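Residue strings, one per chain:
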Amino acid sequence: MNFKILTMGAMALAMMTGSALAATNTSALDDPAKMSPFFTDAGMKTMKSEAEFKAAWMAMKEEDRAGMTKECGDEAIAKSHDNFCKMTKQLGGAN
């Protein structure tokens, strides 16, 4: 009986942990393929110049720009992508 309870508890914990991990990294701002044009390094720590940033921003599809601008409106996301979101606001969003 105790073995069944322990097994069920372990399964429940595994399912909760799996869904929590899946919920992270869902932002387009966490997608290296979308964000790499805006950074000079592979670790995405150093932003490109304003002119290079604007060129990369304008090269994106309108729907991608709108999605990223919307995500920058979320305080938690904007805090972790502070410099990027400041640049998008400076450009006037999807300007």
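First things first, this report covers the structure right here in the doc. Just so we're clear, the structure is a prediction, and the values are computed from it rather than from any experiment.

Calculation criteria
Residues numbered from 1 in each chain as written. Predicted model: local features only at pLDDT ≥ 70, side-chain atom pairs only at ≥ 80, totals over all residues. Heavy atoms only, no water. Disulfide = S-S within 2.5 Å. Helix = DSSP H or I, 4+ residues; strand = E, 2+ residues; numbered from the N terminus. Buried < 20%, exposed > 50% of the residue type's maximum accessible area, 1.4 Å probe, protein only. Salt bridge = Lys/Arg side-chain N within 4 Å of Asp/Glu carboxyl O. 1 Å grid on protein atoms, 1.4 Å probe; cavity = no way out; pocket = protein on both sides within 12 Å on 5 of 7 lines; lining within 4 Å. Points joined across faces, edges and corners; volume = space filled by probe spheres on them. Nonpolar A, V, L, I, M, F, W, Y, C, P; charged D, E, K, R; others polar. Phe/Tyr/Trp six-rings, centres within 6.5 Å; stacked < 30°, edge-to-face > 60°. Arc of directions from axis to C-beta. Contact = heavy atoms within 4.5 Å.

Some thoughts on the state of the cysteines
And step 1. Summed over all chains, the structure comprises one disulfide.
And step 2. A sulfur-sulfur distance of 2.1 Å marks the disulfide that ties Cys-72 to Cys-85. In this structure, the disulfide formed by Cys-72 and Cys-85 twists by about -80° around the S-S bond and is classed as left-handed. Residue Cys-72 is located in helix α4 (residues 62-72), and its partner Cys-85 is located in helix α6 (residues 82-90); the two are separated by 13 residues in the primary sequence. There is no split in this pair, since Cys-72 and Cys-85 are both buried.

Digging into the pattern of salt bridges
And step 1. Applying the stated criterion across every chain yields a total of three salt bridges.
And step 2. Between Lys-34 and Asp-64 there is a salt bridge, with the nearest N and O atoms lying 3.2 Å from each other. Here the residue Lys-34 occupies a position in helix α2 (residues 32-35), and Asp-64 occupies one in helix α4, the gap between them amounting to 30 residues.
And step 3. Arg-65 is paired through a salt bridge with Glu-62; the nearest N and O atoms lie 2.7 Å apart. Of this pair, Arg-65 and Glu-62 both sit in helix α4, three residues apart, which is roughly one turn of that helix.

Section: the layout of surface pockets
And step 1. If you add up the space inside the largest pocket, you get close to 170 Å³.
And step 2. What lines the largest pocket is Leu-29, Met-35, Phe-39, Met-44, Lys-45, Met-47, Ser-80, His-81, Asp-82, Asn-83 and Phe-84.
And step 3. By residue number, the principal contributor to the lining of the largest pocket is α6, which donates three residues.
And step 4. Taken together, the residues of the lining of the largest pocket sort by class into six nonpolar, three polar and two charged.

Examining the packing of aromatic side chains
And step 1. All told, the structure shown has six aromatic pairs when counted by the stated rule.
And step 2. Cluster of aromatic residues (ring-pair linked, three or more members): Phe-38, Phe-53, Trp-57 and Phe-84.

Here's the deal with α4
And step 1. For α4, the full list of buried residues reads Arg-65, Met-68, Glu-71 and Cys-72. Around the axis of α4, the buried residues are gathered within 125° of arc, so they sit on the same side. Exposed residues pointing more than 90 degrees away from the buried face of α4 are listed as Glu-63 and Lys-70.
And step 2. Check the buried side of α4 and you find it contacts α2, α3 (50-59), α5 (75-80) and α6.

A word on the environment of Gly-73
And step 1. Position of Gly-73 among the secondary structure elements: in the loop between α4 and α5.
And step 2. Sequence-wise, Gly-73 and Lys-89 are 16 residues apart; in three dimensions their C-alpha atoms are separated by 9.7 Å.

Examining the side chain of His-81
And step 1. By the secondary structure assignment, His-81 is in the loop between α5 and α6.
And step 2. Ignoring anything within four residues of it in the chain, the contact list for His-81 reads Leu-29 and Asp-30.

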